[in-house]
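Here is what each chain is made of, one letter per residue.
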Amino acid sequence: MLDVPEQVAVRMAKLARLQEEGRDPFRHTRYDRSHLAAEIAERFDELDGQMVRVCGRIMRMNEVGKLCFADLVDGSGKIQAVARADHLPEASFRQFMDLDLGDIVGIQGEVFRTRRGEISVRIDEWVLLAKALRPMPEKWHGLQDVEKRFRQRYLDLLANPEVRETLRKRSAMVAAGRRFLDERGFIEVETPVLQPLYGGAAARPFTTHHNTLDIDLYLRIAPELYLKRLVVGNLERVYEVARCFRNEGISPRHNPEFTQIEAYWAYANYEDVMGLTEGLICAMAEAVNGSLTFVRNGVEIDLTPPWRRLPLLEALKEETGVDFASLQTDEEAREACGGLALGDVSEATLAQLLDRAFDHYIQERTDQPTFVTDYPVAISPLAKRCNHDPTLAQRFEPVIAREELGNAFSELNDPLDQRRRFEEQAVARQAGDEEAHPLDEDFIRALEYGLPPTGGLGVGIDRLLMILRDTDNLRETIYFPLLRPE
RNA sequence: GAGCCGUUAGCUCAGUCGGUAGAGCAUCGGACUUUUAAUCCGAGGGUCGCAGGUUCGAUCCCUGCACGGCUCACCA
């Protein structure tokens, strides 16, 4: 006998017996279902007394004498099935009582309401469609163990209804985003995940290898450079629901793979993109919560446009007294930030200090939707300069409920300036910045053929869902978050 | 990468100031024809994360390791 837990052994024995009797549940290939579980309750008045066929997983069983009640859960919800000893052949009733929690069955019978008022199906015929060999998580507390929840997400899903709800909302949210963009003339495209050169963000990539070409490839950190190539190719409005990969630490708000919706809009600038962002995020928020307001960490957030605009450097100067616009070198920045609550600044670069100051003094204080605008060009190598100040970029990040939800700008379309920016990145790279952009000659060549003035936008949908569902961890919004293997 | 915390039955959790462990649900046997966290009676189920150390004796104390969580660092 195998060394397995008692409950598994019992179920294995039941399965063996079924198979010996020629009733192998795994021989079934389909079940003709007439209704979903939730439909029966919704349309009870018309279905009362009607014969229906439903199927699903048994999540509760309760034997009461010569009666047996079972909750069947399917993709829509649950319906109670009732087996009666005086309504089924004796063997059929006995075999039904022998089912286990987790088994997947199809039942046929008449819709009725029990004395206690529960809408139910009285079983005439039933069939076991799949045997569960392992016991389900506990019915009342569900599956709580965080590690097990994410390692065995299927258990998390079947035991915890709110997890199903969050992930369904994810689908609804992305569908709403697609609909919003489709309706405005954007076309959905797909660009390479495997890239010979990566770009579009400041991040370290994953590296992989193509055997027959014998070349190293990178998993994309962003689709940006390819989407802009498509705009050069006269696809004037494009977007991609893009899985991105960044080789960085895991935290409650970072997963090595995550999803962005990136959109590029020819003949529009970043102010136009602010309007697009408001519309897109509102459409997705309504798909999740049915409303433009929601509560995040006890604070009511109202997404109704227009959103506040906050120039980054002006705001930082106001909050900290430090004028980042006047700082040129890392040393100057360390000196200027020494008095701020930014931790150990002795190793930090100007860009890092700016980022930390932004986190601490802007992001952590921003609940209501805000466009933080006009970032330094030095940390915005793909964004167009502001006409009033060439050291600033026409760039914004939407911040809602203290989370950075994206990044957007008027795209830099001057190929000569783009080359200079890449060269500056190369200098940073030489100086040890592993996240600096590599120079992409083909991208510059594309710009040399002419990129129209274009506004671009990226929205992180995992984070957006996290705030909309008010979950405390990004992984709640990801179907299979990364964990170290068992 | 650093600090702190966690790991006990299938699940959710107690517990032992060091003497090899309990509950509820689940499972098994029995009762019950309207339950829905059903109820009642009875039973089985654990190398207390792994490896060392201290000790007459370790699930408990110590060390290391693994996995996880939180915070920080890093980053979007």
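### Focus on the nonpolar core
- Counting 37 residues, the largest nonpolar core has Leu181, Leu303, Ile400, Leu464 and Leu468 as the members making the most contacts within it.
- Every element with two or more residues in this core is listed here: helix H7 (161–183), strand E11 (257–266), helix H9 (270–289), strand E16 (395–400), strand E19 (454–460) and helix H15 (461–468).
- For this core, the element with the most residues is H9, which contributes 10 residues.
- Apart from the residues lying within four places of it in its own chain, the contact partners of leucine 468 are Met173, Met284, Ala285, Val288, Asn289, Phe294 and Leu303.

### So, the protein's contact with RNA strand B
- Every one of the 50 residues lining RNA strand B counts as a neighbour, but Asn62, Arg116, Lys139, His254 and Arg475 are closest to it.
- For RNA strand B, the fraction of protein-proximal atoms (within 4 Å) that sit in sugar or phosphate groups is 57%.
- A distance of 3.0 Å separates a phosphate oxygen of RNA strand B from a polar atom in the side chain of lysine 14.
- A distance of 2.6 Å separates a phosphate oxygen of RNA strand B from a polar side-chain atom of arginine 356.

### Re the sheet that holds strand E4 (residues 104–113)
- Strands sit in the order E1-E2-E3-E5-E4 around a closed barrel of five strands; the barrel is mixed. Strand-to-strand twist across the sheet, computed as the mean angle between neighbouring axes with direction ignored, equals 55°.
- Bridge analysis of E4 against strand E5 (residues 119–130) gives 10 bridges, and the strand direction is antiparallel. Across the sheet, glutamine 108 pairs through a bridge with glutamate 125, a residue of E5.

### Re the pairing of strand E1 (residues 51–64)
- Alignment of E1 against E4, held across seven bridges, turns out to be antiparallel. Note that in E4 the partner of glycine 56 across the bridge is valine 105.
- The pairing of E1 with strand E2 (residues 67–73) spans seven bridges and is classified as antiparallel. Looking at E2, one finds that isoleucine 58 is bridged to leucine 72.
- Linking two consecutive strands that pair antiparallel, namely E1 and E2, is a turn of two residues; a positive phi of about 60° is found at glycine 65 within it.

Rules behind the numbers
Residues numbered from 1 in each chain as written. Chains lettered and ligands numbered in written order. Predicted model: local features only at pLDDT ≥ 70, side-chain atom pairs only at ≥ 80, totals over all residues. Heavy atoms only, no water. Core = buried A, V, L, I, M, F, W, Y, C linked by side-chain atoms within 4.5 Å. Buried < 20%, exposed > 50% of the residue type's maximum accessible area, 1.4 Å probe, protein only. Helix = DSSP H or I, 4+ residues; strand = E, 2+ residues; numbered from the N terminus. Contact = heavy atoms within 4.5 Å. Near = heavy atom within 4 Å. Polar contact = N/O pair within 3.5 Å; in protein donor to acceptor, adjacent residues only side chain to side chain. Pairing = 2+ DSSP bridges. Axes fitted to C-alpha atoms, helices over the stretch in contact; angles between N-to-C directions.

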